[in-house]
Structure formats: C-alpha cells, structure tokens
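Structural overview for review
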Amino acid sequence: MGRTCSRLAGGVRFATVCLPLLAAGCAGPAPDARVARAQEPAISAATAAAGAAPERNPLRNAYFGDFHVHSSWSLDAYSLGGNRNDPALAYRFGRGEEVTTADGRTLRLRVPLDFMAVTDHDIWLGTVHLCLDEGDAAYDTPTCEQVRANDWFGYGDFEARGRVPADICGQDEPAMTADNKCYERARHQWHQVQRNADAFYEPGRFTTFPAYEWTANPPGYGHLHRNVIFRGEAVPAWGGSAVAMANRPERLWEWLEAACTGDCRVLAIPHNPNLSGGLAFAEFGWTPFTPELLRLRAWAEPLVEIHQIKGNSECYVGLGTTDEECNFETYYPVCEPGQRAGCANASDFVRNALKAGLRLEADYGVNPFKFGFIASPDDHQSLAGAADEAEFAARPVKFGTSGRFGAADQGPYGPAWYGDRADGGNVNNPGGLVGVWAEANTREAIFDALRRRETFGNSGTRIHVRFFAGWDYPADLDARRDMVEAAYAGGVPMGADLPDPPGGDAGDGPRFVVWAIKDPASANLQKSQIVKGWAETGAPAAPFALSGQQTAEQVYDVACADGLEPDPRTHRCADNGARVNLSDCSYPTDLGAAELSTTWTDPDFDPAQRAFYYVRVLENPTCRWTTHRALARGAAPPPSDPPTVKERAWSSPIWYTPAEP
C-alpha cells in the first residue's frame, strides 16, 4: 500500500518545496542522497547572461509553465476583454515581476513560472496591428474604429466562415498573397513574436518559446484550436492562418512537416477538445482515417491540453465512464439526441481518445492519440500562469466576473459571454499549469521533455507527480533512496511505451511506481489513483468505436492518506473526512498527506490486451474561486456551482502493447 511522508524523491528543488513540507509537519527524515543528487543547480543571473550552459541533472527536475496565454495582439482579448497589455508584459508577469497593467492594476504572480509561451491567435495576428497603425488606410475604417472601441468581434462574421474583413485586409478572401494586407502584416508580426520570445529567454532561469494559437472553427461545430510551439533555434516563415488552411487540422500537420526542417523542431497541442462539437478525436467527414494521416497526427501532436479555463477535458460521467471524479469543472451539458455543437460529446474527451487510440493502433498500425498531458490557463489578460483560485476570484473587474477575457463590459456579446450567471456563478475556472521533468531549464531540455511526453498537468496548484513502470522493479522501490535513478535504469517514465518483457513472458505484469508531493501553499493530498484503459478483442463495437474491438477502463486508488486502504471490491478508499469551512474557506491541515508514494501491480493485468495507465492525484477539498468571490462580497456561494473543488494533477500515460506472436 502507499506510503506517506517518506523520503522525498529526486528532482525536486529542496529549498522551495521540501523545506516548507517539513516545516508543515511532514515527519520525514532529513534530505538524503537521492535528493542531494537531484538538486537543481543554482544559476545566477550573471552566469545566465554570460551564456554559460546550465548544468544538467540526469535525474531531471520539475519545472512549471504556461503554454496558453493571450495578449492584446489577440482580437478577442483586445476587443472583447479590453486588453491593452502586449506580449512583453505577459513575459514579465510570467517570470515573476510586479507589473502595472494598462488599466492601472499592480499585479505579481505568487510563484514565478519556469517557462512559458505567448500564444496569440493566428487569424487576427495582422488585423489588430493594422487597426492600431495610424499610418495605414485601415486605421480610419469603420471596422477598426469599432475594434478600438471594444465594440467589434468579427469571429463569427468573417474568420469562422473562411473570410476576412475586406475594409482592413483589402479583400475578403484569406489568400496568402502580398495583396492581402492582413496576411502581410501577420508575416511581419510573426518575426516579432520570435524576437519577443528570444528577448526574454534566460537559459537556466526562464525559458520562452516562439508560439501561436492555430484557431480553427469549422462552421456549425465547436473549435479545433491548437497551440503551436517551436523550440526556437529555427522557425519557418509564416505559413498562413487556420482560415487560410480551411480550418482543416491535417493541413496544419502537412505544413509543419514540410516547413519545419533542418534544426527546426515543433509540436502542436490540441486544446479544449471538450468544446469541439464531437470533432476532436473522431473521424472528420472530410478526412477519413488513413495510416499516413494517423502517422502525421501522431508526429505533430504528442500532447493534449487536459484542463484550462474553459473546462476539463479528461472525462465526463455518462460519456464512456462512471468515474465519479470526472465531474470536475465540466463546461457544457451532455448533448441531446441530434445535437452536436454547444454540448458534450463522447469524442470530445481525452480518456475516450486514449481508448480509441488502442483500437486504431490495432487496425492501422499507428496510435494517433498517444498523448502526454499538459494544462494551462488560456488567460486573455496577458497574465501568464495566473491559475490560483483565490487570486482569480480577487481580480478587480467590471460587472463582477473574473473570466478569461477581463474587464470590458462593452460589445455585442455582453456579460453572458464571460460565463457569469444570474446567481453569481461562473462556468469558467482559473485553468492549470504545465509540468515537465527535464534535465535543465532550457529550450532544448524542456522541448525534449515535451516530445517524449514526460509531462504532467495541474489544475492550478503545483502538485509534483512522478510515474514509472518496469518489469523487474523491487516491490518497495518507492521507499528506496535511489528510487528515481533505479526507476529510470530499470524501466520507463510517464509518456513512454513499456518495452517487451524480458524473455517475452509478461507474467503478472509490470510494476508501477507512483510518487507525489503537495503544493506547499495548498491543501494536503488525499489520494493517488491509477486510471487504466484497455482494448478487448472479439467484443461488439461500442459507441465511439473505431473498429470491431471494445474498450474498457478502471480506476484504482493506489495510495491513500490517513492510513486508509482501498476496498478490494471497489478499488476505492473511504473518504478521509476532510471538509472545508465555507464561512472562511479554511480547511484541516491534520488530514491528508504531504507526500504519497507506492509501488503497485495491476491485479487485473492481461498480457494479451493493449492498455494504458496514468496517475491522477487529488488534494483534499478547498474553496472554488466562486466561493472565494462570494465571501469577499458577503454573499452565499452560488448554488449553480460546487462550493469546493479537489485540485488535482494528471501524469502522462504509460502504454503496454502485447509482444508480436
């Protein structure tokens, strides 16, 4: 069974994480050899500025970042949210500086980020700048006057229908030619995006990446947005927006493969599949599955954003699962018969995609949904990494919302666009953070971690989680001082495929090592779970089935706090009794654990079944941001929203594939 408050595993910065845990009462021993060997080297600003290469930790450090933040260069942020803060402010805020926003707010991130990328929308990259350029004829057009007055958002009228505003762009077609002023301005701005990222890059201290959001919106469906992240050493010329690519993701993958060559490295991260209108992981009507298309997708998209401001995309009760923890920050209701857009479909959710990927691999020889997990905020106020519940609730804004767009209450969409309800509730949440395990805080090391999927997502707090699997791990590996070193040497980390078992005999299956520690500024951990999905042969097809195979899933509690053990029938531990005082949002500090670890073997392992496993770590309950906001106003928490949440972290999966006969 799992252990709590055991020795801390390597790769965690002891000064910033371990000492607060011990001071809070974690009854563990002093730092030991496996911590000391995994220390992150101290990199001074002078050393970084001098260009000295940061030392690399072969056991890898945990770094936290944000791959989804918008500045005033995004039209929705500018015109809907009144954002006048450029990408430079986003980078300064992300690295921990105190900033004063254009509307006079003085803000500072509670804990600086280690890395980030500004991801402004591609479809408007030139539009806003033309409207702000007094020397261009577009400046005096009625559309630009409305843009500057926060009273125009041409998303539905132009970009989503494959057109652009003719009075600004000089034509209404999204042609990638010099005659299209918006395309030409976007090409210029793409160079500036790269310069901005380069200007704030400090190897060893703060890593930045050139990036943008590919903003596809097929008419009549949800969206198919991707954040496109370049490693930075070589970046191709601007290739056009999602509108110019007819809102078809395969055209993005094709362009990336053709344009990003030589030293160029890139990946695309689908986000908000929960809002895709059923298209995120299903076979598109215009693009039937083929081995080549699936190979291209698997190469281009090794990650998926599992959580952000506009809801959680892990799973949804009633859509392929009965897992009670899936009812976390849901955004849309389940679709009614015949409904597709503006509601939740089974093919919108990541766990279902992981299961579908097992079937696709059996049918086509490639798994396009072998995703690692990240999370991010999707903030539209240039406030990178601002995913804390209490801070999110406290942002001073008009008409009382702390939604993703910001302060403006003008324009045709009005307050309802921001998610506020009449009872004071709000459908949005603060979003999450990206976690990676990397050898150093550099572009190369972090990008390599993204590519190998050694990533994890957090719902807003900074839970650390590690996950390994191997065939010959000792039964007590999680308690050993050399846990991390031995786990790498004898197995694989999160994001990887298990190799064939030694001698070809899978026996009772692999052993999995799970380790997690809490965010020192948040509640204790309640439990660690392993989520398993597998494909069964010879069964009838299920909804969202892509072949003649059925899939299934099971959630196992594997390490529980407070001495609790899982029921062998349900695989769940009893509730530990942690509750929140809703009068002041206080919570118990004597329940839960600062650290959870275990070495676990799947009791239902079948060597003939394709399977994946990932870890979900849950905190004790804390107040949701809407409850913090209600208390600040002297009001009751809104009945439309849960008053509390269980903050959580998700590791990337590990996959098992039966050996070829």
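These notes cover the structure that comes with them.

The rules behind these values
Residues numbered from 1 in each chain as written. Predicted model: local features only at pLDDT ≥ 70, side-chain atom pairs only at ≥ 80, totals over all residues. Heavy atoms only, no water. Axes fitted to C-alpha atoms, helices over the stretch in contact; angles between N-to-C directions. Helix = DSSP H or I, 4+ residues; strand = E, 2+ residues; numbered from the N terminus. Parallel < 35°, antiparallel > 145°, perpendicular 65-115°, else oblique. Left-handed = near helix turned anticlockwise from the far one by under 90°. Contact = heavy atoms within 4.5 Å. Pairing = 2+ DSSP bridges. Polar contact = N/O pair within 3.5 Å; in protein donor to acceptor, adjacent residues only side chain to side chain. Buried < 20%, exposed > 50% of the residue type's maximum accessible area, 1.4 Å probe, protein only. Disulfide = S-S within 2.5 Å. Phe/Tyr/Trp six-rings, centres within 6.5 Å; stacked < 30°, edge-to-face > 60°. Lys NZ or Arg CZ within 6 Å of the ring centre and 35° of its normal. Core = buried A, V, L, I, M, F, W, Y, C linked by side-chain atoms within 4.5 Å. Salt bridge = Lys/Arg side-chain N within 4 Å of Asp/Glu carboxyl O.

Re the packing of helix 10 (residues 249-259) against helix 11 (residues 291-300)
Orientation of helix 10 relative to helix 11, taken along the N-to-C sense of each, is 70 degrees, at an axis distance of 10 Å. Judged by the inter-axis angle, helix 10 sits roughly perpendicular to helix 11. Relative to helix 11, the crossing made by helix 10 is left-handed. On the side of helix 10, the interface is formed by E250, W253, E254, L256 and E257, while helix 11 contributes L293, R295, L296, R297, W299 and A300.

Regarding the sheet that holds strand 9 (residues 266-270)
Within the open sheet, the three strands sit side by side as 7-8-9. Their pairing is antiparallel. Pairing within the sheet leaves two strands with one partner each, and these edge strands are strand 7 (211-214) and strand 9. Shown here is a sheet whose adjacent strand axes are inclined to one another by a mean of 20 degrees, direction ignored. Here four bridges tie strand 7 to strand 8 (residues 226-230), and the two strands are oriented antiparallel to one another. Across the sheet, Y212 pairs through a bridge with V228, a residue of strand 8.

Considerations on the side chain of E329
Checked against the element boundaries, E329 lands in the loop between strand 11 (311-312) and helix 12 (350-364). A polar side-chain atom of E329 sits 2.9 Å from a polar atom in the side chain of R624.

So, the side chain of T461
Among the structural elements, T461 can be located in the loop between strand 14 (455-458) and strand 15 (464-470). In this structure T461 comes out as buried when scored by relative accessible area, which is 8%. Among the polar contacts made by the side chain of T461, one reaches the side chain of E619 at a distance of 2.8 Å.

Notes on the state of the cysteines
Counted according to the given criterion, the structure contains seven disulfides. Paired by a disulfide, C169 and C182 hold their sulfur atoms 1.9 Å apart. The S-S bond linking C169 to C182 shows a torsion near -80 degrees; that makes this disulfide left-handed. Pair noted here: C169 is in helix 8 (residues 166-169) and C182 is in helix 9 (residues 181-199), with a separation of 13 residues, a long-range link. Summarising the burial analysis for this pair, C169 and C182 share the class buried. Note on cysteine connectivity: C260 is disulfide-linked to C264, with sulfurs 1.9 Å apart.

So, the packing of aromatic side chains
The tally for this structure, following the rule as stated, stands at 28 aromatic pairs. With a centroid separation of 5.4 Å and 75 degrees between ring planes, the pair formed by F281 and F369 is classed as edge-to-face. Here F369 lies in the loop between helix 12 and strand 12 (372-375) and F281 lies in the loop between strand 9 and helix 11, a separation of 88 residues in the sequence. Accessibility assignment for this pair places F281 and F369 in one class, buried. Within the aromatic cluster, the residues linked to one another by ring pairs are F467, F512, Y556, W600 and Y613. A cation over an aromatic ring shows up here: R84 above the ring of Y78, its NZ or CZ 3.5 Å from the ring centre. A cation sits over an aromatic face here: R466 above W437, 3.7 Å from the ring centre.

A closer look at the environment of F447
With respect to the helices and strands, the residue F447 is situated in helix 14 (residues 443-451). By relative accessible area, which is 2% here, F447 ends up buried. Separated by 217 residues in sequence, F447 and F230 have C-alpha atoms that sit 8.5 Å apart. Setting aside residues up to four positions removed in sequence, F447 forms contacts with F209, I229, F230, R231, R265, V266 and L267.

Here we look at helix 5 (residues 87-94)
Burial runs high along helix 5: six of the eight residues are buried. Along helix 5, the positions that sit buried rather than exposed are P87, L89, A90, Y91, F93 and G94. Tucked inside the fold, the buried residues of helix 5 contact strand 3 (99-100), strand 4 (106-107), strand 5 (115-116), helix 9 and strand 6 (207-208). Capping the start of helix 5, D86 holds a side-chain oxygen 3.1 Å from the backbone nitrogen of A88, two or three residues further along. G96 sits one or two residues past helix 5 and shows a positive phi near 105 degrees.

Things to note about the nonpolar core
One finds F467, I530 and Y613 to be the most contacted residues of the largest nonpolar core, which totals 48 residues. With six residues, strand 17 (residues 511-517) is the largest single contributor of residues to this core. Ignoring sequence-local partners within four residues, the contact set of Y613 consists of F467, F512, I530, V531, K532, W600, D602, F605, S652, P653 and I654.

Digging into the pattern of salt bridges
Under the definition given, this model contains 42 salt bridges. A salt bridge links R231 to E233, with the shortest nitrogen-to-oxygen separation between them at 2.9 Å. A salt bridge links E292 to R295; the nearest nitrogen and oxygen atoms lie 2.6 Å apart. Within this pair, E292 and its partner R295 are both found in helix 11, separated by three residues, close to a single helical turn. Linked by salt bridges that have partners in common, E314, D323, R351, K355, E553 and R616 make up one network.

Let's talk about unusual backbone geometry
Within the chain, E329 stands out as a residue other than glycine whose phi angle is a positive 45 degrees. Looking at E329, the relative accessible area reads 10%, which means it is buried. The phi angle at D562 is positive, at roughly 65 degrees, despite the residue not being glycine. With respect to the helices and strands, the residue D562 is situated in the loop between strand 19 (550-560) and strand 20 (595-601). By relative accessible area, D562 is classed as partly exposed at 33%.

Describing the pairing of strand 19
For a regular strand, the rule is simple: side chains alternate between the two faces of the sheet. The buried fraction of strand 19 is high, at nine of 11 residues. With 10 bridges connecting them, strand 18 (residues 525-536) and strand 19 associate as antiparallel partners. Of the residues in strand 19, the one forming a bridge with K532 is Q554.

So far we have only geometry, and geometry alone does not tell us how the molecule works.
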